[in-house]
Amino acid sequence: MAKRRKNGLYSGISEELSALMRTGWADTEQHDLELAEQAPYAAVRRAALSARFPGERLVVPSGNLKVRSNDDTYPFRPYSGYVHMTGDQARDGALVLEPRADGGHDAYCFQLPRDSRDDDEFWTGSHAELWTGRRRSLAESERVLGLPCRDVRTAAADLAAARTKNPGAATRIVRGVDPALEAAVATDEERDAELEAALSDLRTVKDSWELAELRKAVDSTVRGFTDVVGELSRAIASSERWIEGSFFRRARLEGNAVGYGTICAAGEHATIMHWQDNDGPVRPGDLLLLDAGVETHTLYTADVTRTLPISGTFTPLQREVYDAVYAAQEAGIAAVKPGAAYRDFHEAAQRYLAARLVDWGFIEGPAERAYELGLQRRFTMAGTGHMLGLDVHDCAQARTEEYVDGVLMPGMCLTVEPGLYFQADDLTVPEEWRGIGVRIEDDLVVTEDGHENLSAGLPRSADEVEAWMARFAG
Ligand code: GLY
Ligand code: MN
Ligand code: MN
């Protein structure tokens, strides 16, 4: 008997209704599905993961639905390490690498199969296919992913059986993704963290398929920024909300969604690094800082910022701040090349900004001393960039020596995004500077001989930005 929903309007299910519901459904099994384009790349990534953990059982879950209230859930977003290793986006799944005697692994996937039509759950369960959409069958998943697939509902028993069969193999699982699966395996927290770090490490260098996806994300993002500039007069008549909506429409039309909460920050909101309320006025004379990225259908995201004069023209002071950030970004971008220390681009931009802040008299010099003490951070707030990929702050769990203490390599993708933020209540700067915030953010890929700016299609210098906006105003 299906459980009754509290305050549901139906008091129960008659046997006649139950019988009626179970019959008369067509066989919709898809026999002609092809291997996903990404599958061969995912296989190479799994081989790299396998090589790091010979003799150990690895479990990489995709995650579950998160409740928003009652039976309402947030949109599902799979764990990026799972997506990277499988190309799959299904909820309630997991990749397992089962160790072999030769030191390699056999890979398979747990998946939530299609709902059986032999009980009432398929039409009464609030997250059943009939309510939320068809899933793939296990056979369909096998064809698409190129991996053997098993029913996730027997995962605990299957993993227990694997332990019995191969008691010498320790199990590692990525924690914090699927609590039920985590409870089903006995693992060590520190060793599990090493698995998570390895999954992050293995994403620092993107393969050619990933770079093509990032290119798509950035290209759509460029079009989204163009939408916003084209609709600026409507935003002025409305609010930051209009801008958020314009960009989101592009993200949904061309991709999966936005890759992170869009920051539509006009006026003094531009000084708030993660302003996402997006409910303020858009006033000519102020700056608009728009930080937004389209996420592709395959979940790769762009992360781009432009700071625009809402009137179409920078005031002399706004331009002075903008030009300083632009020059800092140029210094940072120039430092992005293979073999450079990862920190170089950050340091180049921050040193430049420290010197400018000393020139302006906002921090005490000399500039090198100010930089060594980090005094510029009062106005620059954040680091100069980060890795980009499936997550906006990609590879965040990577080993430090592979990331911030590492060296740039071809295929790495990162943002370069210096900024200056003069808070509205900062008494250490003249009044006219207060409430000005500028960030310029581009997405770069390290190439064999330097870098490519994937977001170069968007105007960036102050003159280019003004000319761009003039084209829409005309
Ligand atoms: N959009 C977040 C960031 O720029 O890091
Ligand atoms: Mn960023
Ligand atoms: Mn950003």
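Residues numbered from 1 in each chain as written. Chains lettered and ligands numbered in written order. Predicted model: local features only at pLDDT ≥ 70, side-chain atom pairs only at ≥ 80, totals over all residues. Heavy atoms only, no water.

Novice: Any chance you could explain the coordination of the manganese ion (ligand 3) here in plain terms?
Specialist: Geometrically, a metal with four donors at the corners of a regular tetrahedron has ideal angles of 109.5 degrees, and one with six donors at the corners of a regular octahedron has ideal angles of 90 or 180 degrees. At 2.0 to 2.3 Å from the manganese ion (ligand 3) lie its protein donor atoms, namely D291 (OD), D291 (OD), D303 (OD) and E441 (OE). Relative to the metal, the six donor atoms surrounding the manganese ion (ligand 3) lie at angles of 58 to 171°, and the coordination shape comes out irregular. Taken in chain order, the donor set of the manganese ion (ligand 3) reads D-x11-D-x137-E. Between the manganese ion (ligand 3) and the manganese ion (ligand 2) the interatomic distance amounts to 3.3 Å, and D303 serves as a bridging ligand to the pair. Here D303, found in the loop between β11 (294-295) and β12 (304-309), pairs with E441, found in the loop between β15 (437-439) and β16 (442-447); they are 138 residues apart in sequence, far enough to count as distant. (Donors = N, O, S within 2.8 Å, 3.2 Å for Na, K, Ca; no water. Tetrahedral: all angles 85-135°; square planar, octahedral: opposite > 155°, others 65-115°. Helix = DSSP H or I, 4+ residues; strand = E, 2+ residues; numbered from the N terminus.)

Novice: So what exactly am I meant to see when it comes to the coordination of the manganese ion (ligand 2) here?
Specialist: Here the manganese ion (ligand 2) is held by the protein donor atoms D303 (OD), H386 (NE2), E417 (OE) and E441 (OE), which lie 2.0 to 2.1 Å from it. Viewed at the metal, the six donor atoms of the manganese ion (ligand 2) are separated by angles of 52 to 156°, and the geometry they form is irregular. Between the donor residues of the manganese ion (ligand 2), the gaps in sequence give the motif D-x82-H-x30-E-x23-E.

Novice: Just checking my understanding: could you explain the state of the cysteines for this structure?
Specialist: As used in these notes, a disulfide is a covalent bond between sulfur atoms, one from each of two cysteines. Applying the stated criterion across every chain yields a total of zero disulfides. Just so you know, C149 is unpaired, no disulfide at all, and the nearest cysteine sulfur is the one on C109, 5.1 Å from it. (Disulfide = S-S within 2.5 Å.)

Novice: Explanation requested: the site of ligand 1 in the structure shown.
Specialist: Looking at ligand 1, the residues that line it are Y260, D291, D303, H386, H393, E417 and E441. Within the side chain of D291, a nitrogen or oxygen atom sits 3.1 Å from a nitrogen atom of ligand 1. D303 places a side-chain nitrogen or oxygen 3.2 Å from an oxygen atom of ligand 1. Considering ligand 1 on its own, with 200 Å² of exposed area, one finds that the protein chains cover 90% of that surface. Class assignment of the residues belonging to the shell around ligand 1 gives a composition of one nonpolar, two polar and four charged. (Near = heavy atom within 4 Å. Polar contact = N/O pair within 3.5 Å; in protein donor to acceptor, adjacent residues only side chain to side chain. Areas by Shrake-Rupley, 256 points an atom, 1.4 Å probe, with all protein chains shown as cover. Nonpolar A, V, L, I, M, F, W, Y, C, P; charged D, E, K, R; others polar.)

Novice: Could you clarify how one ought to interpret the pairing of β16 in this entry?
Specialist: A regular strand carries its side chains on alternate faces of the sheet. In terms of burial, β16 is a largely internal element, five of the six residues being buried. The sheet contact formed by strand β13 (residues 413-416) and β16 spans four bridges and is antiparallel. The partner of L414 across the bridge, within β16, is L444. Summarising the sheet, β16 and strand β17 (residues 450-453) pair through four bridges and their orientation is antiparallel. When the bridges of β17 are listed, V446 appears paired with H451. Between β16 and β17, which follow one another and run antiparallel, lie two residues. (Buried < 20%, exposed > 50% of the residue type's maximum accessible area, 1.4 Å probe, protein only. Pairing = 2+ DSSP bridges.)

Novice: Can you walk me through the sheet that holds β12 in this structure?
Specialist: By way of backbone hydrogen bonds, the strands of a sheet pair with one another, either parallel or antiparallel. Sheet architecture is open: three strands sit in the order β9-β10-β12, paired in antiparallel fashion. Since the sheet does not close on itself, it has two edges, and those belong to β9 (263-266) and β12, each with one partner. Across the sheet, the mean angle from the axis of one strand to that of its neighbour is 10°, orientation sign disregarded. As paired strands, β9 and strand β10 (residues 287-292) are joined by four bridges and run antiparallel to one another. Counterpart to A266 in the pairing with β10 is L288. (Axes fitted to C-alpha atoms, helices over the stretch in contact; angles between N-to-C directions.)

Novice: Would you mind going over the pattern of salt bridges with me for this structure?
Specialist: Opposite charge on two side chains permits them to pair, given that their charged atoms come into close proximity. Taken as a whole and assessed by the stated rule, the structure comprises 41 salt bridges. As a salt-bridge pair, E213 and K216 come within 2.7 Å of each other at their nearest N and O atoms. You can see E213 and its partner K216 sitting in helix α10 (residues 208-230), three residues apart, about one turn around the helix. The exposure class assigned to E213 is buried, which follows from its relative accessible area of 4%. (Salt bridge = Lys/Arg side-chain N within 4 Å of Asp/Glu carboxyl O.)

Novice: In this structure, what is going on with a nonpolar patch on the surface? I would like to understand it.
Specialist: A surface patch of nonpolar side chains, amounting to about 370 Å² of accessible area, comprises W25, L130 and W131. Classification of W25 as partly exposed rests on a relative accessible area of 40%. (Patch = residues over 30% accessible without salt bridge, like charges linked within 9 Å, V, L, I, M, F, W, Y side chains within 5 Å.)

Novice: Mind showing me how you'd approach the UniProt feature "domain: Aminopeptidase P N-terminal" (unreviewed entry) in the protein here?
Specialist: In the numbering adopted here, UniProt assigns the feature "domain: Aminopeptidase P N-terminal" (unreviewed entry) to residues 36-182. The straight-line gap between the two end C-alpha atoms of residues 36-182 is 28 Å; of that span, 35% is helix and 20% is strand. (UniProt positions renumbered as here; feature names shortened; annotations may be inferred.)

Novice: Hey, could you run me through the packing of aromatic side chains in this one?
Specialist: The description of an aromatic ring pair uses the distance of the two centres, along with the angle that the planes make with each other. Applying the stated criterion across every chain, the model contains 16 aromatic pairs. Taking 4.9 Å as the distance between ring centres and 65° as the angle between the ring planes, the aromatic pair formed by W360 and W433 counts as edge-to-face. With W360 in helix α14 (residues 343-360) and W433 in the loop between β14 (419-421) and β15, this residue pair connects regions lying 73 residues apart in the sequence. Across the pair, exposure class does not vary: W360 and W433 are buried alike. Between the aromatic rings of F362 and F379, the centroid separation amounts to 6.1 Å while the plane-to-plane angle is 45°, which identifies the pairing as tilted. Here F362 is found in the loop between α14 and α15 (367-373), whereas its partner F379 is found in helix α16 (residues 377-380), with 17 residues between them in sequence. On the accessibility criterion, F362 (11% relative accessible area) is buried. For F379, a relative accessible area of 0% corresponds to the buried category. Over the face of the ring belonging to W25 we find R117, whose NZ or CZ atom lies 4.6 Å from the ring centre. (Phe/Tyr/Trp six-rings, centres within 6.5 Å; stacked < 30°, edge-to-face > 60°. Lys NZ or Arg CZ within 6 Å of the ring centre and 35° of its normal.)

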